[in-house]
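Architecture at a glance
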Amino acid sequence: AYRAVHPPKKEIEAVSVVKVFTHRDQLFAHFSERKPDGLNLGVIGMWMPVYDELVIFHDPATSNVKTSMAILYHEGVHQYLHYAYGEVDMPRWFDEGTGDYFGGAEAGADGVTIVENATRAGTITKIVNGEFAKQYSWTAPTLKALVSMSREEFYRETKWLVFQYTMAWSLVYWLRQGIGKESPYAGAIDRYAEALRDGGSQAQAYEAAFGKIDMVALEKDWKAFWIDGEARKKCRREIRTK
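Quick summary incoming for the structure in this document. Just so we're clear, the structure is a prediction, and the values are computed from it rather than from any experiment.

Some points on the sheet that holds strand 4 (residues 105-107)
Strand order in the open sheet formed by three strands is 4-5-6, with antiparallel pairing between adjacent strands. Edge positions in the sheet fall to strand 4 and strand 6 (237-240), since each of these pairs with one other strand and no more. The mean inter-strand angle of the sheet, taken between neighbouring strand axes irrespective of direction, is 25 degrees. Both strand 5 (residues 111-114) and strand 6 contribute to a ladder of four bridges, which runs antiparallel. In the sheet register, Ile 114 faces strand 6, and the bridge partner there is Arg 237. Strands strand 4, strand 5 and strand 6 of the sheet are contacted by helix 4 (residues 92-103), whose axis makes an angle of about 45 degrees with strand 4.

Have a look at this one:
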């Protein structure tokens, strides 16, 4: 499914390593040895490109299988794109948003179905209707600002990081499944991905995808989609892998 949505720049020869720990002390002992960036006590899964390995915690007796699989699908995106796009440094909104996009995957015998990421969906509606702005006195970045953030800017405000993850997911999901072929935004995210895959910078990818798009109008339409429950019901996507 990753390949179907994000064809690799060239055939991938790397072996994707996944390590599953069944005890948290083992997981954090491994993290203590590796010392990866972005580590916090809540992390139960992480892709570490420096070591070419994806690490996840899952206790068969106590862990929620659906949650563990969603995390594995998310981190697997980071691992796959690292190899598929030639080990470029991915813009954070695109990498994390795509991770959460596949976090909503439901695997079947012949492929996967992408549905709303339930955890993020409940949050995005409160962001776009202004509820969180009132509750937390938080000002959401514009979508233009979000997709232009550097790695440092994206992770700087850790208190609001979950909201930025949610916005990134909602934009990826909407551009992939919430717009029609006649939309002025159709193809934007594929143009963005292609520019990155071809070695373009974040600024060049932005120009390729959004340079001719009215970003104020795009944000207005994005918000309208997340408030419209009926529109959201029509957005399941099946990705065939056989």
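Quick word on unusual backbone geometry
Across the chain, the bulk of peptide bonds are trans and the bulk of non-glycine residues have phi less than zero. Within the chain, Asp 52 stands out as a residue other than glycine whose phi angle is a positive 50 degrees. As for its position among the elements, Asp 52 is in the loop between strand 2 (45-48) and strand 3 (53-57). In this structure, Glu 87 takes a positive phi of about 60 degrees despite not being glycine. Checked against the element boundaries, Glu 87 lands in the loop between helix 3 (65-84) and helix 4.

Structural notes on the sheet that holds strand 1 (residues 17-21)
Taken together, three strands build an open sheet; the order of strands is 1-3-2 and the sheet is mixed. Two strands in the sheet have a free side with no partner beyond their single neighbour: strand 1 and strand 2. When strand polarity is set aside, the average angle formed by the axes of neighbouring strands in this sheet is 15 degrees. The pairing of strand 2 with strand 3 spans four bridges and is classified as antiparallel.

Let's talk about the nonpolar core
One finds Trp 93, Phe 94, Trp 174, Phe 210, Leu 218 and Trp 226 to be the most contacted residues of the largest nonpolar core, which totals 57 residues. Take this core: its biggest share by element is 11 residues, from helix 9 (residues 161-178). Excluding anything up to four places from it in sequence, Leu 218 contacts Leu 143, Leu 171, Trp 174, Tyr 185, Phe 210 and Ile 213. Formed by nine residues, the second largest nonpolar core is a distinct cluster that contains Phe 21, Met 46, Met 48 and Val 55.

Things to note about the pattern of salt bridges
A full pass over the atoms with the stated rule returns 14 salt bridges. For the salt bridge of Arg 240 with Asp 110, the shortest nitrogen-to-oxygen distance reads 3.7 Å. Of the two residues, Arg 240 sits in strand 6 while Asp 110 sits in the loop between strand 4 and strand 5, which places them 130 residues apart along the sequence. Between Arg 232 and Glu 116 there is a salt bridge, with the nearest N and O atoms lying 2.7 Å from each other. Taken as a pair, Arg 232 in helix 13 (residues 229-233) and Glu 116 in the loop between strand 5 and helix 5 (118-128) lie far apart in primary sequence, 116 residues in all. On the accessibility criterion, Glu 116 (21% relative accessible area) is partly exposed. Each of Lys 19, Glu 33, Arg 34 and Glu 53 takes part in one network of salt bridges that share partners.

Comments concerning the packing of aromatic side chains
Scanning the model with the defined rule gives 26 aromatic pairs in all. Summarising the aromatic geometry, the rings of Phe 28 and Phe 31 are spaced 5.6 Å apart at their centres and angled 75 degrees between planes, so their arrangement reads as edge-to-face. Here Phe 31 and Phe 28 lie together in helix 2 (residues 24-34), a separation of three residues that amounts to about one turn. Owing to a relative accessible area of 1%, Phe 31 belongs among the buried residues under this scheme.

Here we look at helix 10 (residues 188-197)
Here helix 10 lies mainly inside the structure; seven of its 10 residues are buried. Residues of helix 10 that are buried: Ala 188, Ile 189, Tyr 192, Ala 193, Ala 195, Leu 196 and Arg 197.

What about the packing of helix 5 against helix 9?
Relative orientation of the contacting elements helix 5 and helix 9 amounts to 95 degrees, with a least axis distance of 9 Å. Put simply, helix 5 runs roughly perpendicular to helix 9. Taken together, the residues of helix 9 that come into contact with helix 5 (itself represented by Arg 120, Ala 121, Thr 123, Ile 124 and Ile 127) are Val 162, Phe 163, Tyr 165, Thr 166, Met 167, Trp 169 and Ser 170. Residues belonging to the contact of helix 5 with helix 9 are distributed by class as follows: eight nonpolar, three polar and one charged.

Quick notes on the rules
Here the residue numbering is sequential within each chain, running from 1 through the sequence in written order. Note on the predicted model: pLDDT of at least 70 is required for a residue's local features to be given, and 80 or more for side-chain atom pairs to be given and counted; whole-chain, interface and lining totals, by contrast, use all residues. Hydrogens and water are ignored here; the side-chain numbers use all heavy atoms of the structure. Strands pair, by our definition, only if DSSP identifies at least two bridges between them. Here a strand is any run of E in DSSP of at least two residues, a helix any run of H or I of at least four, and the numbering for each starts at the N terminus. Lines fitted to C-alpha atoms define the axes here, with helix axes fitted over just the stretch in contact, and angles between the N-to-C directions of these axes take values from 0 to 180 degrees. Any pair of residues with heavy atoms lying within 4.5 Å of one another is described as a contacting pair. We call a set of buried Ala, Val, Leu, Ile, Met, Phe, Trp, Tyr and Cys residues a nonpolar core when their side-chain atoms join them within 4.5 Å. Classification of residues uses two cut-offs on accessible area relative to the type maximum, computed with a 1.4 Å probe and protein chains only: under 20% is buried, over 50% is exposed, and between them is partly exposed. Think of a salt bridge as a Lys or Arg side-chain nitrogen and an Asp or Glu carboxyl oxygen that are within 4 Å of each other. Pairs were defined over the aromatic rings of Phe, Tyr and Trp, the Trp ring being its six-membered one, requiring ring centres within 6.5 Å. Orientation was assigned from the angle between planes: stacked under 30 degrees, edge-to-face over 60, tilted for the rest. The labels follow the angle: roughly parallel below 35 degrees, roughly antiparallel above 145, roughly perpendicular from 65 to 115, and oblique for the rest. Each residue is assigned to one class: nonpolar for Ala, Val, Leu, Ile, Met, Phe, Trp, Tyr, Cys and Pro, charged for Asp, Glu, Lys and Arg, and polar for all the others, Gly among them.

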